[in-house]
Amino acid sequence: MATNLTNIENNLWSAADELRANSKLTAQEYSTPVLGLIFLRFADFKFTYAEEEIKKQSGDLWGVSEIDFQAKGILFLPEKARFSYLLNLPEGENIGKAINEAMKAIESKNPNLSGILPTTYNKFENATLIELIKIMASIPMDIEGDVFGKIYEYFLGKFAMAEGKKGGQFFTPTSLVKLIVNIIEPFHGRIFDPACGSVGMFVQSARFVKEHHKTPSSEISINGQENKGETVKLCKMNLAVHGLEGDIREGNTYYEDLQNCKNKFDFVMANPPFNVSKVDKNRLKDDPRFPLGMPSTDNANYLWIQIFYSALNSTGRTGFVMANSASDARYSELEIRKKLIERRVVDVMVAISSNFFYTVTLPCTLWFLDKGKQNTDSKDKVLFIDARNVFTQIDRAHREFSPEQLEFISNIARLYREEEPEERLGSSELMKEHFPDGVYRDVKGLCKVATVEGIEAQGWSLNPGRYVGVAEADDDGVDFYERLQELNGELEELNEEAHELEKKIRENVNKVLEQL
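Residues numbered from 1 in each chain as written. Predicted model: local features only at pLDDT ≥ 70, side-chain atom pairs only at ≥ 80, totals over all residues. Heavy atoms only, no water.

Draft legend 1. Quick look at the nonpolar core. Ranked by internal contacts, the top residues of the largest apolar core, which has 59 residues, are Y30, L35, I99, L132 and F155. For this core, the elements supplying multiple residues, two or more each, are α1 (2-21), α2 (27-58), α4 (83-87), α5 (95-109), α6 (126-137), α7 (147-163) and α12 (229-241). A total of 12 residues in this core trace back to one element, the largest contributor, which is α2. In terms of nonpolar packing, the next biggest core, distinct from the first, is built from 54 residues, L179, I191, V348 and C447 among them. (Core = buried A, V, L, I, M, F, W, Y, C linked by side-chain atoms within 4.5 Å. Buried < 20%, exposed > 50% of the residue type's maximum accessible area, 1.4 Å probe, protein only. Helix = DSSP H or I, 4+ residues; strand = E, 2+ residues; numbered from the N terminus.)

Draft legend 2. Structural detail: the packing of α5 against α6. Interhelical geometry of α5 versus α6 gives an angle of 55 degrees and a closest axis separation of 8 Å. Regarding the angle of α5 to α6, the classification is oblique. Of α6, the residues touching α5 (which contributes I95, G96 and I99) are N126, L129, I130 and I133. Here the residues of the contact of α5 with α6 are counted per class, giving 5 nonpolar, 2 polar and no charged. (Axes fitted to C-alpha atoms, helices over the stretch in contact; angles between N-to-C directions. Parallel < 35°, antiparallel > 145°, perpendicular 65-115°, else oblique. Contact = heavy atoms within 4.5 Å. Nonpolar A, V, L, I, M, F, W, Y, C, P; charged D, E, K, R; others polar.)

Draft legend 3. Summary view of the packing of aromatic side chains. Within the structure shown, the criterion is met by 17 aromatic pairs. On the basis of an interplanar angle of 40 degrees and a centroid distance of 4.7 Å, the ring pair of F308 and F320 is categorised as tilted. Of this pair, F308 sits in helix α13 (residues 301-311) while F320 sits in strand β5 (residues 312-323); the two residues are 12 residues apart in sequence, bridging distant segments of the chain. The same class applies to F308 as to F320, namely buried. Arranged with centres 6.3 Å apart and planes meeting at 45 degrees, the rings of F408 and F435 form a pair that is tilted. Of this pair, F408 sits in helix α15 (residues 403-416) while F435 sits in the loop between α16 (428-434) and β11 (447-451), placing them 27 residues apart in sequence. Side by side, F408 and F435 carry an identical accessibility label, which is buried. One aromatic cluster in this structure is built from Y254, Y255, Y302, W304, F308, F320 and W367. A cation over a ring is seen here: R330 above Y331, with NZ or CZ 5.5 Å from the ring centre. Across from the ring centre of Y309, 4.5 Å away, lies the NZ or CZ of K371, which sits over that ring. (Phe/Tyr/Trp six-rings, centres within 6.5 Å; stacked < 30°, edge-to-face > 60°. Lys NZ or Arg CZ within 6 Å of the ring centre and 35° of its normal.)

See the structure below:
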């Protein structure tokens, strides 16, 4: 199935991207309508399947009503919104207008999608739309699993790459999302993402629940907030194409707590924007979401960290992506980090190599906080994992974790927590190599458990490289190009920190001059 799906994804993308290249549309203009057609194809597939079931159950004596579909949690599609109707339209018909009307008809019958579906198909040439509909019609119906969801996710990633920096605002690489989900283990409870983008965290959480033989709709509650209206629409489409529902609200998370999140959630997951400046802290001074103090630096990283921390209930866990510089940040940020460590909530820190993101080459760090560990034997310890040398190069500019690598890194956290490791995805050889006795141990260059006292001795740094060390090896087998990429990523990170420092110095000098 995996190989077939990969081929299907590649073929679909190749055909769809070729159409874009031959059109007058930018990747941004093209992406959402194409995702809308995948959504429509998925909705039609679910509708057709449910319609057959309902007819069998009722004997087709009274026909099929909207209520029958609502009872099954299926979107009701009017006749003119059926994919087969659009596929069979006469060649001279205005296809763009027909698809726009189909989307509006779906919204009219399904109020939860009101104002969400794209209606810009009139920008496309008829010939392009006809070919796109044929491409979507080629998705086979007989492959097991979440075919449409995975194809949708694949297209999201491809469009993020094509759109550059703007695409990165709504899409977090699947490898990183899966690792966050695997380590915080959202089996049951309320999940929150205050910078939810295209809701990849929720989709992977639901997949995690399914993989452990439970039903997502009865196990997890989805709650999100996103600043951009267009991205909120993408959120709701993505949830719908995966058969999920959630409470996604539009608002600026710095200033608006639309989910009333204080001490509320079992799990918080996020990939916030890094190193944001110019947040008006005067508007935040009485906000209970910042219990550890207001950072004096013009950088929002530690605002985000506190938003995640304060949203957790007494046993909650959070996992989030963060700029590397936050692990060693000084002054007021150091004091906030020190409080987190002293409160015994920092659980796991994972260093990630450069080139995982589609929009920047910088490396990053995954942070994991756990309020529930305060009452466990590991309360005085923190697990550091240096995964910078664990990756699969998918092309010259991008990396990801293979399934076995992802499972292996997740298993390190499981062993640290004295949980059973998983070996469904092929990590057994890596596990035998590094943990031959099936129990956690420190591995130089890979992982290290440090005490709070040891962290204090390191100036309250949470940088995994300070603790894990470097593995000894005669020949690391890394070719020159890959090593140069790594060094370039590190150089970019240092340059970014230098620019931030230069900016702060300039601002401080100007303040002094103003006072003279």
